Every structure is written in structure tokens, then in C-alpha cells.
Amino acid sequence: MDDPVHLDSPGSKSPTACAAKIQVWVTRAPEDAQAWILGLNDLGFNAQPMPLMAIGPAPDQRALRRTWQHLDQYQAVMFVSANAVRYFWQANTVSQGQLPWGGQRAWVTGPGSQDALLKVGLPLHAIDAPPWDAVQLDSEALWSVVASQIHVGLRVLVVRGCDAQGQVTGRDWLVTQLQAAGAQVDQIAAYQRKKPVLSPTQIAAVRQSVERNAVWLFSNSEAIFNLKEALPDQDWWAAKAVATHPRIASNAKQAGWGSVAIAQPALQAVASSIKSCYEF
């Protein structure tokens, strides 16, 4: 996530004064939400957590450990998120603290995942990612960067999440492209997504926030689906949202949100999009 910087521009109102009027629900899992909450609050927003996803280790840890033992069989490893990096490395009992990384390329779609790889010790020159000023940060953008690496027989490991039943889930666009180009693709679940249970206090706060024009920050469509399931009778037409991908924005609109803005998953972009939801 980008470091917080001042948002003032010549001739504009103070961003802090404007932002202070805006309540923002950060719907990420608790381990991911704190940095966003701190960053948005530093910019003057009233950001609060409303975790609509819970994340923990994948149930099949033995499979992860076996993958580490055979990591040298792959020429590239694609991590779908920062959580994929964190939980994959947690299962590393092979190297005893050393980085068992040979000449593989590490593929990611966004800055959060790249930062997670750097924190576990992967060198920057081993990471492939779209430029951070790309229109979208997703599998399609990553493909434009790594397509030249693909050849028949290339072995790629995709590290992703699984659902509450332990089934590997996620968008398969990149896997389909790789297989069509002759690459061999294996997938492994490093973490598990579960539905959180909202308390009566949280449900009441959600209903009140719709009336008060709060903004929902969605970085995953699953958060939208979980919220709809928790409050099936809630009318979201008056609600505002910022989504970090057009696909997520489309799901928010289909779920009933009347106002949805799109922003790259970086603090400055999200802050600007939140402000764009209002006329000052």
C-alpha cells in the first residue's frame, strides 16, 4: 500500500476537513485491514473495520509442505495475493529459515503481494508484476508482462486460497491462458477464506451507516456476497462503495449499490475515489 501523503491541491478545500465528514467501512480481513484504516485515518477519514472475510491457514498443511519439497520443479510461481505469500511461507519447514528459491520467477498482480515477497526475502529482480500505474492490476495485466516467458512444458505453480469447504477457488483466467499456451499448471491452497459472523451491534451499525452515507471499501467480491447474506433484507441503493477492480464494482452494482467508484488498490487512489463519491 502506498505511504499516506497530503491530498491538498491548489485552490481546493482542505482534504482533512472534507474527509473528516466521511465514514469508511474497511471490509478486508483483520490482518489486512489495519494498514488501510491507519492510512485513511491519517488522511482525515473516519475509517473503521467491518471484516467481511476471515482468513486462516489452509486445512491441508501437508500438501503445502510437500510443495515446498518439490519447489524446484517449477519455473514460475504465481501468488494471487499477499495472504497467499504469507501463508505459503508459514508452511515452509524445508529450508529451516533459508530461502529455497532457485531460478523461479515469482508472479504477482499488485504492490501488496510484491511487498509481502520482499518481506520474506525474495529479491526484487526475481519478481514479475504489472507497473503500479497500470489501468488495472489483475491477471490480464500480469499476462502482458509474463507472456514472453511462456513455452510448451513450462511448469507453473499458482498459490491461492480455498473456500470454507477446502476447495481451491478463484478466477481461472490466467490458468486457462497458461494451459492454452502449453504450460503445465498446478494449484495449491495456502489459506482458507471463511464467512465471519456479524454481531447484532455490527448489523445495527451497518444499517445506520447506510442512512449516514458511509462508503464501503471492497477489495474482494466475496465480501459483498457475505454482507448481502448477513443482511438479506437491506436496501443498498442509497449506499456508496469504492471497489479496487472493475469486476468487484460490477458485483457491487448487481448486489444493489447505487453508487460505485473504481480505484487501484493503493491508498492515494482509494482516498481520491472516496472523495469523488461526494460533492463538497
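Parameters at a glance
- Residues numbered from 1 in each chain as written.
- Predicted model: local features only at pLDDT ≥ 70, side-chain atom pairs only at ≥ 80, totals over all residues.
- Heavy atoms only, no water.
- 1 Å grid on protein atoms, 1.4 Å probe; cavity = no way out; pocket = protein on both sides within 12 Å on 5 of 7 lines; lining within 4 Å.
- Points joined across faces, edges and corners; volume = space filled by probe spheres on them.
- Helix = DSSP H or I, 4+ residues; strand = E, 2+ residues; numbered from the N terminus.
- Nonpolar A, V, L, I, M, F, W, Y, C, P; charged D, E, K, R; others polar.
- Buried < 20%, exposed > 50% of the residue type's maximum accessible area, 1.4 Å probe, protein only.
- Contact = heavy atoms within 4.5 Å.
- Core = buried A, V, L, I, M, F, W, Y, C linked by side-chain atoms within 4.5 Å.
- pLDDT = per-residue confidence, 0-100.
- Salt bridge = Lys/Arg side-chain N within 4 Å of Asp/Glu carboxyl O.
- Polar contact = N/O pair within 3.5 Å; in protein donor to acceptor, adjacent residues only side chain to side chain.
- Pairing = 2+ DSSP bridges.
- Axes fitted to C-alpha atoms, helices over the stretch in contact; angles between N-to-C directions.
- Parallel < 35°, antiparallel > 145°, perpendicular 65-115°, else oblique.

With respect to the layout of surface pockets
Estimated volume of the largest pocket: approximately 1,500 Å³. At the level of secondary structure, the elements contributing two or more residues to the lining of the largest pocket comprise helix H2 (30-42), helix H4 (82-90), helix H5 (111-119), strand S7 (155-162), helix H7 (173-180), strand S8 (184-194), helix H9 (221-230) and helix H10 (246-254). At 6 residues, H5 tops the list of elements feeding residues into the lining of the largest pocket. Partitioning the lining of the largest pocket into residue classes produces 21 nonpolar, 17 polar and 12 charged.

Focus on H5
Think of an α-helix as turning once every 3.6 residues; residues three or four places apart then point the same way. Every buried residue belonging to H5 is among Pro 111, Ser 113, Gln 114, Ala 116 and Leu 117, and all of these are buried. Buried residues along H5 sit against strand S4 (76-79), H4, strand S5 (105-107) and strand S6 (127-128). Phi for Gly 121, located one or two positions after H5, is positive at around 105 degrees.

A few points about the nonpolar core
Phe 79, Phe 88, Trp 216, Phe 218, Leu 227 and Trp 257 are the most contacted members of the largest nonpolar core, which has 54 residues in total. It is H4 that provides the largest number of residues to this core, a total of 6 residues. With near-sequence residues (within four places) excluded, Trp 257 lies in contact with Trp 216, Phe 218, Ile 224, Leu 227, Lys 228, Trp 236, Trp 237, Ala 239, Lys 240, Ala 241 and Ala 252. Counting 21 residues, the second largest nonpolar core, distinct from the first, contains Val 215, Ala 263, Leu 267 and Val 270.

Some thoughts on the confidence of the model for the chain
For the chain, per-residue confidence averages 85 on the pLDDT scale, and 88% of positions sit at 70 or higher. Counted against residues more than four places away or in other chains, residues 1-17, with its pLDDT under 50, gives 29 contacts.

What to know about the pattern of salt bridges
Here the structure, examined in full by the defined rule, presents 7 salt bridges. Here Arg 86 ties to Asp 32 by a salt bridge, and the two come within 2.8 Å at their closest N and O atoms. Here Arg 86, found in helix H4, pairs with Asp 32, found in helix H2; they are 54 residues apart in sequence, far enough to count as distant. Here Arg 86 falls in the partly exposed class, since its relative accessible area comes to 35%. By relative accessible area, which is 13% here, Asp 32 ends up buried.

A few points about unusual backbone geometry
Even without glycine at this site, Asn 213 takes up a positive phi of about 65 degrees. Note that Asn 213 resides in the loop between helix H8 (200-211) and strand S9 (215-218).

Quick look at the environment of Arg 105
For Arg 105, the position within the fold is in strand S5. Note: C-alpha distance between Arg 105 and Val 146 (41 residues apart in sequence) is 9.4 Å. Other than its neighbours up to four places away in sequence, Arg 105 contacts Gln 75, Ala 76, Val 77, His 125, Ala 126, Ile 127, Asp 128 and Gln 149. One polar contact links Arg 105 to Asp 128, side chain to side chain, over a distance of 2.9 Å.

Observations concerning H4
Counting buried residues in H4 gives 7 out of 9 residues, a clear majority hidden from the surface. Every buried residue of H4 is listed here: Ala 82, Asn 83, Ala 84, Val 85, Tyr 87, Phe 88 and Trp 89. Where H4 begins, the capping side chain belongs to Ser 81, and its oxygen is found 3.4 Å from the backbone nitrogen of Asn 83.

Details of the pairing of S8
Bridging between strand S3 (residues 54-57) and S8 involves 4 bridges; their strand directions are antiparallel. When the bridges of S8 are listed, Pro 57 appears paired with Tyr 191. Pairing between S7 and S8: 8 bridges, direction parallel. Bridging from a neighbouring strand, Val 156 pairs with Val 185 of S8.

A look at the packing of helix H3 (residues 61-69) against H4
Two elements in contact, H3 and H4, have axes whose closest approach is 9 Å; the angle formed by their N-to-C orientations is 85 degrees. The pairing of H3 with H4 is recorded here as roughly perpendicular in orientation. Side by side, H3 and H4 meet where Leu 64, Thr 67 and Trp 68 of the first sit next to Tyr 87, Phe 88 and Trp 89 of the second.

Description of the sheet that holds S6
Pairing within the open sheet is mixed, and its 6 strands lie in the order S3-S8-S7-S4-S5-S6. Here the strands that pair on one side only, and so sit at the sheet edges, are S3 and S6. Against the sheet, H3 engages S3, S7 and S8, with an angle of about 140 degrees to S8. Lying over the sheet, H7 contacts S4, S5, S7 and S8, oriented at roughly 170 degrees with respect to S8.

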